[in-house]
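Listed below are the residues making up each chain.
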Amino acid sequence: MTSEVEDRGHGGKAGGLIVLGFGIAFLVAGLAALYLAGIGMLATHLAASSWPVTEGHVREASLQLSQGGGRTGGPVERLTVSYDYTVDGRAFVGGRASLRDTAEPDQARLRGLHRRLDAARLSGGPVPVHYRPNRPEEAYLDIALPRSNLIVGVVLGTAFALFGVLLLIGAWRSLRRR
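Residues numbered from 1 in each chain as written. Predicted model: local features only at pLDDT ≥ 70, side-chain atom pairs only at ≥ 80, totals over all residues. Heavy atoms only, no water.

Explain unusual backbone geometry here, please?
Most peptide bonds take the trans form, and the phi angle of most residues other than glycine is negative. Phi is positive for Asp88, close to 50°, though the residue is something other than glycine. Note that Asp88 resides in the loop between strand E2 (76-87) and strand E3 (90-94). With a relative accessible area of 77%, Asp88 lands in the exposed category. (Helix = DSSP H or I, 4+ residues; strand = E, 2+ residues; numbered from the N terminus. Buried < 20%, exposed > 50% of the residue type's maximum accessible area, 1.4 Å probe, protein only.)

Here is the structure:
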């Protein structure tokens, strides 16, 4: 009888450790999502709002559909762009159009940006280039915050992080009782 009780106690401790591991995994995944798709993008947007702006000229702007890159594993559209700009007499070639150059198919933000950049390419007219002052090779043509990506990143990141915290609390209570 004693060994049966001891076995159950040991199994409870192992179960608590497993829950602890899952809690840590969910917390880390949630915080990563918050940073990468939420807070990190917001921080870049806020910083880029005060960056200097120069004129650039679009060489290429294309919208391509690729499989397996979306949030659901489905197709995703990718905006590919190339543009020339000059900062303090130094020439640069940029490759980032916006803070997020991918989107689910038919997303209005990315398609509208593509139309605008392709029109600038065809006309040869200038486009504004926002560049980081201490690293002018980092530049964007559009610094608008892609709200749908931000919302999904913040909501999912927060949900995962909170679930991870709940698992950690449950595991801690379980292990403390042993």
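So, next bit.
It is not clear to me how the environment of Thr54 should be interpreted in this structure. Could you clarify?
Take Thr54: it is sitting in strand E1 (residues 53-66). Spatially, the C-alpha atom of Thr54 lies 10.0 Å from that of Asp88, the residues being 34 residues apart in sequence. The contacts of Thr54, once residues within four sequence positions are left out, are Tyr85, Thr86, Val87, Val127, Pro128, Val129 and Tyr131. In this structure the side chain of Thr54 is engaged in a polar contact, spanning 3.2 Å, whose partner is the backbone oxygen of Thr86. (Contact = heavy atoms within 4.5 Å. Polar contact = N/O pair within 3.5 Å; in protein donor to acceptor, adjacent residues only side chain to side chain.)

Please explain helix H2 (residues 108-123) as it appears in this structure.
Residues spaced three or four apart along an α-helix face the same direction, because each turn holds 3.6 residues. In a regular helix each residue adds 1.5 Å, so 16 residues correspond to 22 Å; H2 covers 22 Å between its end C-alpha atoms and thus fits that length. Of all the positions in H2, only Leu110, Leu113, His114, Leu117, Asp118 and Ala120 are classed as buried. Buried residues in H2, looked at end-on, bunch into an arc of 155°, giving them a common side. H2 presents Ala108, Arg115, Leu122 and Ser123 as exposed residues on the side facing more than 90 degrees away from its buried surface. (Expected span 1.5 Å × (residues − 1). Arc of directions from axis to C-beta.)

Looking at this structure, I do not really get the side chain of Ser82. What am I missing?
Position of Ser82 among the secondary structure elements: in strand E2. On the basis of relative accessible area, Ser82 is assigned to the buried category, the value being 13%. Apart from the residues lying within four places of it in its own chain, the contact partners of Ser82 are His57, Val58, Arg59, Glu60, Val93 and Gly94.

What's the story with the pattern of salt bridges in this structure? I'm lost.
When their charged atoms lie close together, side chains carrying opposite charge are able to pair. Applying the stated criterion across every chain yields a total of seven salt bridges. Taking the shortest distance from any N to any O, the salt bridge between Arg111 and Glu77 comes out at 2.4 Å. Of the two residues, Arg111 sits in helix H2 while Glu77 sits in strand E2, which places them 34 residues apart along the sequence. You can call Arg111 partly exposed: its relative accessible area is 30%. Notably, a salt bridge pairs Glu138 with Arg132, separated by 2.8 Å at the nearest N-O pair. According to the relative accessible area criterion, Glu138 is buried, its value standing at 17%. The exposure class assigned to Arg132 is partly exposed, which follows from its relative accessible area of 24%. Overlapping salt bridges, with partners in common, bring together Arg132, Arg135, Glu137 and Glu138 in one network. (Salt bridge = Lys/Arg side-chain N within 4 Å of Asp/Glu carboxyl O.)

What is the right way to look at the layout of surface pockets in this model?
Empty space among the atoms can be located by rolling a probe the size of a water molecule over them. Considered as a void within the structure, the second largest pocket measures approximately 150 Å³ in volume. Every residue along the wall of the second largest pocket is listed here: Tyr35, Leu36, Gly40, Met41, Thr44, Arg96, Leu99 and Tyr140. No other element matches helix H1 (residues 2-48), which puts five residues into the lining of the second largest pocket. (1 Å grid on protein atoms, 1.4 Å probe; cavity = no way out; pocket = protein on both sides within 12 Å on 5 of 7 lines; lining within 4 Å. Points joined across faces, edges and corners; volume = space filled by probe spheres on them.)

What am I meant to see in the pairing of E2 here?
Every regular strand shows the same layout, with side chains that alternate between the two sheet faces. Relative to E2, E1 is paired through ten bridges, and the arrangement is antiparallel. By the bridge assignment, Val58 is partnered in E2 with Tyr83. One ladder, built from two bridges, connects E2 with strand E4 (residues 102-103); its direction is antiparallel. The residue bridging Glu77 from the neighbouring strand is Ala103, located in E4. Relative to E3, E2 runs antiparallel, the two sharing five bridges. The residue bridging Asp84 from the neighbouring strand is Val93, located in E3. (Pairing = 2+ DSSP bridges.)

Explain the packing of aromatic side chains to me, please; I cannot follow it from the model alone.
For any two aromatic rings, the description comes down to two numbers: the centre-to-centre distance and the angle of the planes. Enumeration according to the criterion identifies five aromatic pairs in this entry. Arranged with centres 5.2 Å apart and planes meeting at 35°, the rings of Phe26 and Phe160 form a pair that is tilted. Here Phe26, found in helix H1, pairs with Phe160, found in helix H3 (residues 147-177); they are 134 residues apart in sequence, far enough to count as distant. Among the residues examined, Phe160 registers a relative accessible area of 36% and is labelled partly exposed. Ring centres of Trp51 and Tyr140 lie 6.1 Å apart, and the angle between their planes is 20°; on these two criteria the pair is classed as stacked. (Phe/Tyr/Trp six-rings, centres within 6.5 Å; stacked < 30°, edge-to-face > 60°.)

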